[in-house]
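Okay, here's what each chain looks like letter by letter:
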Amino acid sequence: MTQKKEVIKYPITKKSDVKDTFFGTTVKDPYRWLENDKSTETKAWVKEQNKVTFSYLDKIPFKQQIKNRLETLWNYEKLTSPFKRGNFTYYYKNNGLQNQYVLYRTNSNGVEEVFLDPNTFSKDGSTSLAGITFTKDGSLATYLISEGGSDWRKAIVLDTKTKKIIGDTLVDIKFSGISWKGNDGFYYSSYDKPKGSELSAKTDQHKVYYHKLNTPQNSDELVYGGTAAEKHRYIGANVTEDNKYLIISAATSTSGNKLFIKNLDIPNAPLVTILDHTNTDSYVIENTGSTLFIVTNLNAPNKKIVTVNAANPTPNNWVDFIPETKNVLNPNTGGGYFFAEYMVDAISKVYQYSYDGKLIREVKLPGIGSTNGFGGKKEDKDFYFSFSNYKTPGSYFKYNVESGIYNLYWTPNIDFNSEEYESNQVFYTSKDGTKIPMLITYKKGIKLNGKNPTILYGYGGFNVSLTPSFSITNAVWMEQGGIYAVPNLRGGGEYGKDWHNAGIKMKKQNVFDDFIAAAEYLIENNYTSSNYLALRGGSNGGLLVGATITQRPYLAKVALPAVGVLDMLRYHTFTAGAGWAYDYGTVEDSKEMFTYLKKYSPVHNVKDNITYPATLITTGDHDDRVVPAHSFKFAAELQAKKIKNNPILIRIETNAGHGAGTPVSKTIAQYADIFAFTLFNMGFNKLSNKK
């Protein structure tokens, strides 16, 4: 598998004399100019970098073969769970390679029609349907659109019978759901339009508005937020299913929220405080009349459900309804029941409870994996849930709430035989002795000889749990003899709030240590070796990959950081980045926090005379969640070190954001590049599989 290494001539990235001083320490920031996404210089740099990157990728002999296989495997009809609204049943469907899923509906006679087709929103498929909410009677709907992958949304109201647009299009909506108050109007959240670039300028003053139908947006009522004395970066508003209460959640960070309630039956009713601090994650999941059901981790790191009267809703009046257990609770409601889903070592288990707290049954799932659904309106007697794992494509089942019987509703007709693959959970020991679970999936009969191309994928942050789910892209990877391994790192939510808190701020190194230990386990047990190992992660996972390769540059052959948070000294100055401080801390907190962040910040820890892994950084020019400047600066730092042999490339998707709503065509092209780059730099000249 000997290959001639191509000498890559990288674009010259100019350096400027920009410096910051933190607690008496001066830090250079020579690529600060790349933060200006509007400048002609930055746009020219992006163009030149892409020219070099695609020139390299297009020469890989089997890239087109991978792309063809991705297209073939992707090209099957896909459905989502149906849901009933008014006189129609709605569901999303994709005929195979459509850039965006189409929203269909059927009437009571089973006649199908297209309700919304996002593929008609833009010529290149980059404008996506970002959510839809119906009134209780289903006669009206508000749908959100995202353009170019941006987090900024527009809202459009439809008469569902005629599909005619009602009123004006609302703009500048961000990090928001839509919640109808009867049929008169709805609540939504937004920020003031930022000064400068809306893709990178800071947004930290979230507000909830009420929009009355057929009135201009500039007359919308400010319901909560907007005070100079108290800034909240994330505020959400939700009306209970019976239209009796408005619930408002207010947070300054991605973890922890205040909670308020307002009785909509009483004109000009005050906003009543449920929780006046952000020390817990709590929300109202249900109500029966004035009885509220609240999901909380207050004194319950694995979460529980409590009940309380809306007239006196503070924690001193809470009564346990479904108590905390040793496993993490993720509940839902539907059909007049509660469904308590638990994560047991990141695997789903589901229990059904009545509204008086009686356990009805454990729902025996189709296998070991992850489920979604188990929820609907109170009047539903049947609803749908999905089930999948890393080797099994997702199927949907129709569940009867009274009998507990479910039947297969839909399963994909996909050219992939999951019986040929196996997925095993192992537990390995991290640096400090903590046991970490990891699922390893691969083709049966694989030889553990240390030569298997392996992707180690991680996240480890923001209380996010990585549970088993099927991916077409991973299927193509495994068809080529690849191993796909996913550890459940600290910082995630797999074992509750304590697990999350064990990987934040000045404990963030635990996450990197867990990831490094996962790689070492795979190597020590001959699943792979450093020459055949790729590290992959996106967003906070991009930080994980960046920190790992700067700390342990020889651990893996390939690094694939995607849309990563890579400049830890300035992340909080862009868009909603300041809201991530619960997990990361900021340089402004203390000298100790600054020192800790600088020690692992990927942009600030690239060194001379080190051979870093072959690296393909991926980002989108419209990413306003983790601005692309993170990736730009990291690429510039790595390229400036003139690393021998291994390529350092950045692939910048144009008219694309953080990931949500990315057209299928762009996703396929991106993964063809990623897999081709990975295998090529592991020494492969051709694919191993006939497919």
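Source: prediction; values computed, not measured.

Another point: the packing of aromatic side chains. Under the criterion given, the structure shown has 55 aromatic pairs. Ring geometry for Phe-293 and Tyr-355: centres 5.7 Å apart, planes at 75 degrees, overall edge-to-face. On the criterion of sequence distance, the pair formed by Phe-293 in strand β21 (residues 291-296) and Tyr-355 in the loop between β26 (347-353) and β27 (359-363) is long-range, its members being 62 residues apart. Between Phe-416 and Tyr-421 the ring centres are 4.6 Å apart and the planes differ by 25 degrees, which places this aromatic pair in the stacked class. Of the two residues, Phe-416 and Tyr-421, both sit in the buried class.

Here the focus is the sheet that holds strand β29 (residues 382-388). The strands making up a sheet are joined through hydrogen bonds of the backbone, oriented either antiparallel or parallel. A sheet is described by the order of its strands in space; here four strands give the open sequence β28-β29-β30-β31, paired in antiparallel fashion. A single partner strand is all that each edge strand has here, and the edge strands are β28 (370-373) and β31 (406-410). Pairwise comparison of adjacent strand axes, ignoring direction, gives a mean angle of 35 degrees for this sheet. Pairing of β29 with strand β30 (residues 395-400), which is carried by six bridges, proceeds in the antiparallel orientation. Across the sheet, residue Phe-387 finds its bridge partner in β30, namely Ser-395.

In this structure the tally under the stated criterion is two cavities of 30 Å³ or more. Empty space within the second largest cavity amounts to approximately 40 Å³. Those elements giving two or more residues to the lining of the second largest cavity turn out to be β1 (19-22) and β2 (25-28). Each residue belonging to the lining of the second largest cavity can be placed in one class, and the counts come to three nonpolar, one polar and five charged.

Next up on the list: the environment of Asn-400. If you trace the backbone, Asn-400 turns up in strand β30. On the basis of relative accessibility, which here comes to 22%, the residue Asn-400 falls in the partly exposed class. Along the primary structure Asn-400 and Gly-167 are separated by 233 residues, whereas in three dimensions their C-alpha atoms are 39 Å apart. Not counting residues within four places of it along the chain, the set of residues in contact with Asn-400 comprises Lys-381, Asp-382 and Ile-405. For Asn-400, the side chain forms a polar contact with the main-chain nitrogen of Glu-402, separated by 3.1 Å.

Our focus in this paragraph is the environment of Val-46. Examined against the element boundaries, Val-46 turns out to sit in helix α1 (residues 40-57). C-alpha separation for the pair Val-46 and Ser-146, spaced 100 residues apart in sequence, amounts to 23 Å. The contacts of Val-46, once residues within four sequence positions are left out, are Phe-632 and Ile-652.

Take the side chain of Arg-361 next. For Arg-361, the position within the fold is in strand β27. As a buried residue without a salt bridge, Arg-361 has its nearest oppositely charged side chain in Glu-402, at a separation of 6.6 Å. From its side chain, Arg-361 meets the backbone oxygen of Val-401 in a polar contact 3.4 Å long. A polar atom in the side chain of Arg-361 sits 3.4 Å from the backbone oxygen of Ser-403. Not counting residues within four places of it along the chain, the set of residues in contact with Arg-361 comprises Val-350, Tyr-351, Gln-352, Tyr-399, Val-401, Glu-402, Ser-403 and Gly-404.

With eight of its eight residues buried, helix α3 (residues 472-479) lies for the most part within the structure. Within α3, the full set of buried residues consists of Ile-472, Thr-473, Asn-474, Ala-475, Val-476, Trp-477, Met-478 and Glu-479. Just downstream of α3 lies Gly-481, where phi reads positive at about 85 degrees.

A few words now on the nonpolar core. One finds Ile-66, Met-438, Ile-440, Leu-456, Tyr-584 and Phe-677 to be the most contacted residues of the largest nonpolar core, which totals 120 residues. By residue number, the principal contributor to this core is helix α10 (residues 664-681), which donates ten residues. Not counting the four nearest positions on each side in its chain, Met-438 is found in contact with Asn-424, Gln-425, Val-426, Tyr-428, Leu-456, Ala-485, Val-486, Pro-487, Ala-518, Tyr-521 and Leu-522. Core analysis: the second largest hydrophobic core is formed by 15 residues, Phe-88, Leu-103, Ala-141 and Ile-145 among them.

Quick notes on the rules
- Residues numbered from 1 in each chain as written.
- Predicted model: local features only at pLDDT ≥ 70, side-chain atom pairs only at ≥ 80, totals over all residues.
- Heavy atoms only, no water.
- Phe/Tyr/Trp six-rings, centres within 6.5 Å; stacked < 30°, edge-to-face > 60°.
- Helix = DSSP H or I, 4+ residues; strand = E, 2+ residues; numbered from the N terminus.
- Buried < 20%, exposed > 50% of the residue type's maximum accessible area, 1.4 Å probe, protein only.
- Pairing = 2+ DSSP bridges.
- Axes fitted to C-alpha atoms, helices over the stretch in contact; angles between N-to-C directions.
- 1 Å grid on protein atoms, 1.4 Å probe; cavity = no way out; pocket = protein on both sides within 12 Å on 5 of 7 lines; lining within 4 Å.
- Points joined across faces, edges and corners; volume = space filled by probe spheres on them.
- Nonpolar A, V, L, I, M, F, W, Y, C, P; charged D, E, K, R; others polar.
- Contact = heavy atoms within 4.5 Å.
- Polar contact = N/O pair within 3.5 Å; in protein donor to acceptor, adjacent residues only side chain to side chain.
- Lys, Arg positive; Asp, Glu negative; His and termini not counted.
- Salt bridge = Lys/Arg side-chain N within 4 Å of Asp/Glu carboxyl O.
- Core = buried A, V, L, I, M, F, W, Y, C linked by side-chain atoms within 4.5 Å.

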